[in-house]
Amino acid sequence: MAAIERLSFNQITVDKWSLREAVEGCLRHGIPSIGIWRHKVQEAGLQASIRIVKDAGIHVSSLCRGGMFAAAGADERRKRMEDNFRAVEDAAALEADVLVLVVGPANGVRLAEARSMVRDGVQELAEYAKARGARLGLEPLHPMFAADRSVLSTLEQALELAAAHEASVVGLIVDVYHVWWDPKLYPLLAKAGNRIFGFHVSDWIVPLPDLLMGRGMMGDGVIEIKNIRETADAAGYSGPIEVEIFNRQIGEMPGDEVLATMVERFQQCV
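The structure presented is a predicted model; accordingly, all values stated were derived computationally and were not measured.

Visitor: Account for the overall build of the protein chain, with residues named and values stated.
Guide: The number of helices and strands found in the protein chain is 11 helices and 10 strands. In terms of principal-axis extent, the alpha carbons of the protein chain reach across some 45 × 45 × 35 Å. Looking at the protein chain as a whole, 55% of its 270 residues qualify as buried. Relative to all contacts within the protein chain whose residues are 6 or more apart in sequence, the contacts with residues 24 or more apart total 79%. Positive and negative charge centroids in the protein chain, built from 29 and 37 side chains respectively, lie 3 Å apart.

Shown next, in the form of structure tokens:
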């Protein structure tokens, strides 16, 4: 099983908590890392957010999210790039391992055109990130999210896009919820090697109660989490493993109960 020292709490799992509350929860449960969401940074303010994590000695495994590159008009595309620049700056300031990129849906343009906009956006953002010592993680989402969240649907697509950039700047976020089904998963993970910048875990419940908000706690579904994690490790990934669970019922539970279960299941299933 994965060492508990690799556990990271992605704060969307208990979205009702502020950043300070999430960090304090990590300290209570011995969790060394946290994945931070930008709306929580905005609530607290960037400088306050930096102090919260620094004072606690908590490692920031990721900042989520940048992306959403495609748009029908040039003005809107530029507005989105400006927001991405701010996200890179925040990630660098927080000393996050990676800025997670959810590249976005077609947004009123043809699918092929949207993917071209994504490539152009990543190119521009990669140059900006490199100059600021930040890394970008392309997160492919399950194909059922292509219509409303991401035209980047497979690890193969993500790896091809990342390969156009320096391996120290652009890599992959491997989220088992999104990639477990892929018949090419294991050889692609082996190929990805040092392009793996982040690893997220949850589970796929059967029947799935909700595509977006129905992820399960590890061990409650069908994903071969440990096998996938061991393959990523063998490829060279040794960084934090984030538990990222979008689930309304879990989100309504007491936060400390969620974290206690999360630690237990991480030790059993990851």
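Read on for the rest.
Visitor: An account of unusual backbone geometry is needed here, citing residue identities and associated values.
Guide: In this chain, C64 is followed by R65 through a cis amide linkage whose omega measures 5 degrees. Structurally, R65 is set in strand β3 (residues 59–67). With an omega of -5 degrees, the peptide bond between V206 and P207 qualifies as cis. Residue placement: P207 occurs in the loop between β8 (203–204) and β9 (215–216). One non-glycine residue, M68, adopts positive backbone phi at about 50 degrees. Its location among the elements puts M68 in the loop between β3 and α4 (74–94). Of note, E95 is a non-glycine position whose phi angle comes to about 55 degrees, a positive value. If you trace the backbone, E95 turns up in the loop between α4 and β4 (99–102).

Visitor: Explain the environment of K40 to me, and be specific about the residues and the numbers.
Guide: Along the chain, K40 turns up in helix α2 (residues 38–44). Along the backbone, K40 and F197 are 157 residues apart, and their C-alpha atoms lie at a distance of 22 Å. Dropping the residues within four chain positions of it, K40 is found in contact with Q11, D15, K16, W17, L19 and S49. A polar side-chain atom of K40 sits 3.0 Å from the main-chain carbonyl oxygen of W17.

Visitor: Which residues make up the sheet that holds strand β10 (residues 241–243), and what values go with them?
Guide: If you walk around this closed barrel you meet the 8 strands as β1-β2-β3-β4-β5-β6-β7-β10, and the pairing is parallel. This sheet shows a mean twist of 30 degrees between the axes of neighbouring strands, independent of strand direction. Pairing of strand β7 (residues 196–201) with β10 involves 3 bridges; the strand directions are parallel. From the neighbouring strand, F199 faces β10, where its bridge partner is I241. Along the sheet face, helix α9 (residues 225–235) touches β7 and β10 and points at about 170 degrees away from the line of β7.

Visitor: Now, about the nonpolar core: what can you tell me, with residues and values included?
Guide: The biggest cluster of nonpolar side chains holds 89 residues, and the ones touching the most others in it are F9, L138 and M218. With 8 residues, helix α5 (residues 111–131) is the largest single contributor of residues to this core. Leave out the neighbours within four places in its chain, and L138 touches L101, V103, V122, L152, A158, L161, A162, V170, G171, L172 and I173. Listed in part, the 8 residues of the second largest apolar core include I12, V98, F197 and F246.

Visitor: Before we move on, can you summarise the packing of aromatic side chains with the specific residues and values?
Guide: The full count for this structure, using the stated rule, is 5 aromatic pairs. Taken together, Y177, W180 and W204 form an aromatic cluster joined through their ring pairs. The aromatic ring of Y128 is capped on one face by R132, whose charged end is 3.4 Å from the ring centroid. Against the face of F197 rests R135, its NZ or CZ located 3.9 Å from the ring centre.

The rules behind each value
- Residues numbered from 1 in each chain as written.
- Predicted model: local features only at pLDDT ≥ 70, side-chain atom pairs only at ≥ 80, totals over all residues.
- Heavy atoms only, no water.
- Helix = DSSP H or I, 4+ residues; strand = E, 2+ residues; numbered from the N terminus.
- Buried < 20%, exposed > 50% of the residue type's maximum accessible area, 1.4 Å probe, protein only.
- Contact = heavy atoms within 4.5 Å.
- Lys, Arg positive; Asp, Glu negative; His and termini not counted.
- Charge placed at Lys NZ, Arg CZ, Asp CG, Glu CD.
- Polar contact = N/O pair within 3.5 Å; in protein donor to acceptor, adjacent residues only side chain to side chain.
- Pairing = 2+ DSSP bridges.
- Axes fitted to C-alpha atoms, helices over the stretch in contact; angles between N-to-C directions.
- Core = buried A, V, L, I, M, F, W, Y, C linked by side-chain atoms within 4.5 Å.
- Phe/Tyr/Trp six-rings, centres within 6.5 Å; stacked < 30°, edge-to-face > 60°.
- Lys NZ or Arg CZ within 6 Å of the ring centre and 35° of its normal.

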